[in-house]
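Chain and residue survey
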Amino acid sequence: MPKNTLTITDNRTGKLYEIPIENETIRATDLRQVKVKESDFGMMSYDPAFLNTASCKSSITYIDGDKGILEYRGYPIEQLAENCTFLEVAYLLLNGELPTKNEYEDWVQSVTQHTMIHENIKKFMDGYHHDAHPMGMLLGTVGALSTFYSDARNIQDTNSRKLQIIRLIAKMPTLAAFAYRHSVGFPYIYPNNDLNYSENFLNMLFGNTVKHIKHPTLAKALDVLFILHADHEQNCSTSAMRSIGSSQTDPFSSTSGAIAALYGPLHGGANESVLKMLEEIGTINNVPSFVKQVKEGKGEKKLMGFGHRVYKNYDPRAKIIKRLAEHVFDITGRNPLLDIALELERIALEDEYFIKRKLYPNVDFYSGLIYQAMGFPTSMFTVLFAIGRTPGWLSQWQELLSDSEQKIARPRQIYVGKTTREFVPFTKRN
Ligand code: ACO
């Protein structure tokens, strides 16, 4: 009978260690027994960027990157995108099950009641420079919300936790819309509780300015985009959320930190970069030379919206978004950059460089084209991602708090600096 253990031989000492395997994983702390001398610290594993280290057990999102599978609580993303609203999916992520009709109605009602923000938050918005990036405004104001809800610090109180979660999911679109209106110098539009989540958001953003925005297909498309972004297991921003949350910070501050992590161009900022890249390419004829530059750049220049740490196949979200784009363009008119994107995808998917490295379009490759056609400036793209990801961050945060194995996050390091030396005064420094 084979044993579910791993035997390690330390060739420095000849000693053998038998380490238990659970879920195809060994515990890094089990390596600490591997020592040459009793006084040694013990063996560590070195894993910059967490390429092969699980930081938690989670029952929220499942990804099979080789097969291109994404599931929330066991439900395939394709089925959720086809049949659910964003708030239904948010409930699923947070509670583990799809809501009954009554649960859903109560949940929608609670979220809708909390869409308003304190008038003083508006003053924060007004304080930002006219060309402030809306993502910067969002992360600042979400962080500031922690000062408005001091009860949010009671993170062990499940009722308080639930209330903060509702507040965050409800207020995120309001803050995002206010950030946008500030950046264009338009008066803010207050939430309208007669509208659904995405309709209300579109109204707060574009009410009185963009004519086609009331079309139900656009609100539905935005809802689907939010669903597709709602969670993605231990990505950079979720890890930031968990890491900050592990010190028992309130959820507004932790979410603000997660937004900061999402802001970067290698994470949520990629859809903004995709649009810039497509504009830079300019015409279909320039696609082959651009691909050549990417290949010759050897990592210096990247094909934005391609590649993923986990997916080594077509990102299932990108497939849904590509189809969704057609419905949106029927109303808004076709985004001329789409043809460049399609050609780029076609050439890249046939090219040895991308095939060998398993680089496929990710969620960001087509989403920006839809956002742009709907009238969003590129600076708002990552903000939309943040709204969609909020239930995921909060679900992961809740799971963290109820996991008895979790402690304050504190990675180890391998110190490679100077050994102890004497202080040198100014007069003796060269
Ligand atoms: N274009 C060209 N080459 C690429 C790309 C790309 N987009 N992505 C990776 N590569 C190459 C790398 O240069 C590397 O080549 P090498 O083996 O010759 O050195 C190889 O593919 C492996 O890439 P890594 O950088 O090691 O992959 P990693 O898992 O660290 O990075 C990431 C994943 C950050 C997403 C990367 O693919 C990338 O930068 N893509 C572009 C940005 C992007 O679209 N980000 C959005 C990700 S999805 C999200 O956050 C929602």
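About the cut-offs
- Residues numbered from 1 in each chain as written.
- Predicted model: local features only at pLDDT ≥ 70, side-chain atom pairs only at ≥ 80, totals over all residues.
- Heavy atoms only, no water.
- Helix = DSSP H or I, 4+ residues; strand = E, 2+ residues; numbered from the N terminus.
- Rg over C-alpha atoms; globule rule 2.2 N^0.38 Å.
- Buried < 20%, exposed > 50% of the residue type's maximum accessible area, 1.4 Å probe, protein only.
- Near = heavy atom within 4 Å.
- Polar contact = N/O pair within 3.5 Å; in protein donor to acceptor, adjacent residues only side chain to side chain.
- Areas by Shrake-Rupley, 256 points an atom, 1.4 Å probe, with all protein chains shown as cover.
- Nonpolar A, V, L, I, M, F, W, Y, C, P; charged D, E, K, R; others polar.
- Domains from an automatic or database assignment.
- Disulfide = S-S within 2.5 Å.
- Pairing = 2+ DSSP bridges.
- Axes fitted to C-alpha atoms, helices over the stretch in contact; angles between N-to-C directions.
- Parallel < 35°, antiparallel > 145°, perpendicular 65-115°, else oblique.
- Contact = heavy atoms within 4.5 Å.
- Salt bridge = Lys/Arg side-chain N within 4 Å of Asp/Glu carboxyl O.
- Buried area = accessible area lost by both parts, 1.4 Å probe.

Some remarks on the overall build of the chain
A tally of helices and strands in the chain yields 17 helices and five strands. Since a compact globule built from 430 residues should have a radius of gyration of about 22 Å, the 24 Å found for the chain is in line with a globular shape. Each of the three principal axes of the chain carries a C-alpha extent, and together these read 75 × 70 × 55 Å. For the chain, buried positions account for 48% of its 430 residues.

Considering the site of the ligand
The local shell around the ligand holds 20 residues, among which Lys302, Leu303, Gly305, Phe306 and Arg309 are the closest. A distance of 2.9 Å separates an oxygen atom of the ligand from a polar atom in the side chain of Lys302. At a separation of 2.7 Å, a nitrogen atom of the ligand approaches a polar backbone atom of Leu303. Coverage of the ligand by the protein chains reaches 73% of its 930 Å² of free accessible surface. Within the shell around the ligand, the residues separate by chemical class into 10 nonpolar, six polar and four charged. In terms of domain composition, the shell around the ligand takes at least three residues from each of domain 1 (70–267 + 382–399) and domain 2 (270–373).

Looking at helix α7 (residues 197–206)
Note on helix geometry: an α-helix contains 3.6 residues per turn, so any two residues three or four positions apart are oriented the same way. Of all 10 residues making up α7, nine are buried, and the element is well covered by its neighbours. Of the residues that open α7, the one with a side-chain oxygen 3.2 Å from the backbone nitrogen of Ser198 is Asn196. Immediately beyond the C-terminal end of α7, within one or two residues, lies Asn208, with a positive phi of roughly 70 degrees.

Quick look at the state of the cysteines
The final tally for this structure, using the stated rule, is zero disulfides. With no disulfide of its own, Cys56 lies closest to Cys236 among cysteine sulfurs, the gap being 14 Å. By relative accessible area, Cys56 is classed as buried at 19%. The exposure class assigned to Cys236 is partly exposed, which follows from its relative accessible area of 48%.

Notes on the sheet that holds strand β4 (residues 69–72)
As summarised here, the arrangement of the three strands in space is β3-β4-β5, forming an open sheet in which the pairing is antiparallel. Taken across any chain shown, the strands that pair with only one partner, and hence form the sheet edges, are β3 (61–64) and β5 (75–76). Note that β4 and β5 share two bridges and pair antiparallel. Within β5, the position partnered with Tyr72 by the bridge is Tyr75.

Some details on the pairing of β3
Inspection of the sheet shows β3 paired to β4 by four bridges, in the antiparallel sense. Paired with Ile63 across the strands is Leu70, a residue of β4. A loop of four residues connects β3 with β4, the two strands running antiparallel in sequence, and Gly68 in this loop sits at a positive phi of about 75 degrees.

Comments concerning the packing of helix α16 (residues 364–374) against helix α17 (residues 381–401)
At a closest axis distance of 10 Å, the pairing of α16 and α17 adopts a crossing angle of 110 degrees. Here α16 is positioned roughly perpendicular relative to α17, judged by the angle of their axes. Residues Asp364, Gly368, Tyr371 and Gln372 of α16 form the contact with α17, whose own contacting residues are Phe381, Leu384 and Phe385. Residues of the contact of α16 with α17, tallied by class, amount to four nonpolar, two polar and one charged.

As for the pattern of salt bridges
All chains considered together, the criterion is met by 20 salt bridges. As a salt-bridge pair, Glu405 and Arg27 come within 2.6 Å of each other at their nearest N and O atoms. Separated by 378 residues along the polypeptide, Glu405 in the segment after α17 and Arg27 in the loop between β2 (15–20) and β3 bring together distant segments of the chain. Across the pair Lys122 and Glu119 runs a salt bridge whose closest N-O atoms are separated by 2.9 Å. Here the residue Lys122 and the residue Glu119 both occupy positions in helix α4 (residues 119–127), the gap between them amounting to three residues, near one helical turn. Look at Glu119 and you get partly exposed, because its relative accessible area is 39%. It is possible to trace a salt-bridge network through shared partners that takes in Glu22, Arg27, Lys57 and Glu405.

Section: the domain arrangement of the chain
When its domains are assigned, the chain resolves into domain 1 (70–267 + 382–399) and domain 2 (270–373). Spacing between the C-alpha centres of domain 1 and domain 2 amounts to 26 Å. Across the boundary between the two partners, domain 1 contributes 23 residues, which contact 22 residues of domain 2. When domain 1 packs against domain 2, close to 1,900 Å² is buried across both sides, 69% of that on carbon and sulfur atoms. When the area that domain 1 buries against domain 2 is broken down by residue, the three leading residues are Leu225, Leu228 and His232, summing to 25%. Scanning the region where domain 1 abuts domain 2 turns up zero salt bridges. Contributions of two or more residues to the side of domain 1 that touches domain 2 are made by α1 (77–83), α8 (216–229) and α17. Partitioned by chemical class, the residues of the side of domain 1 that touches domain 2 number 12 nonpolar, nine polar and two charged.

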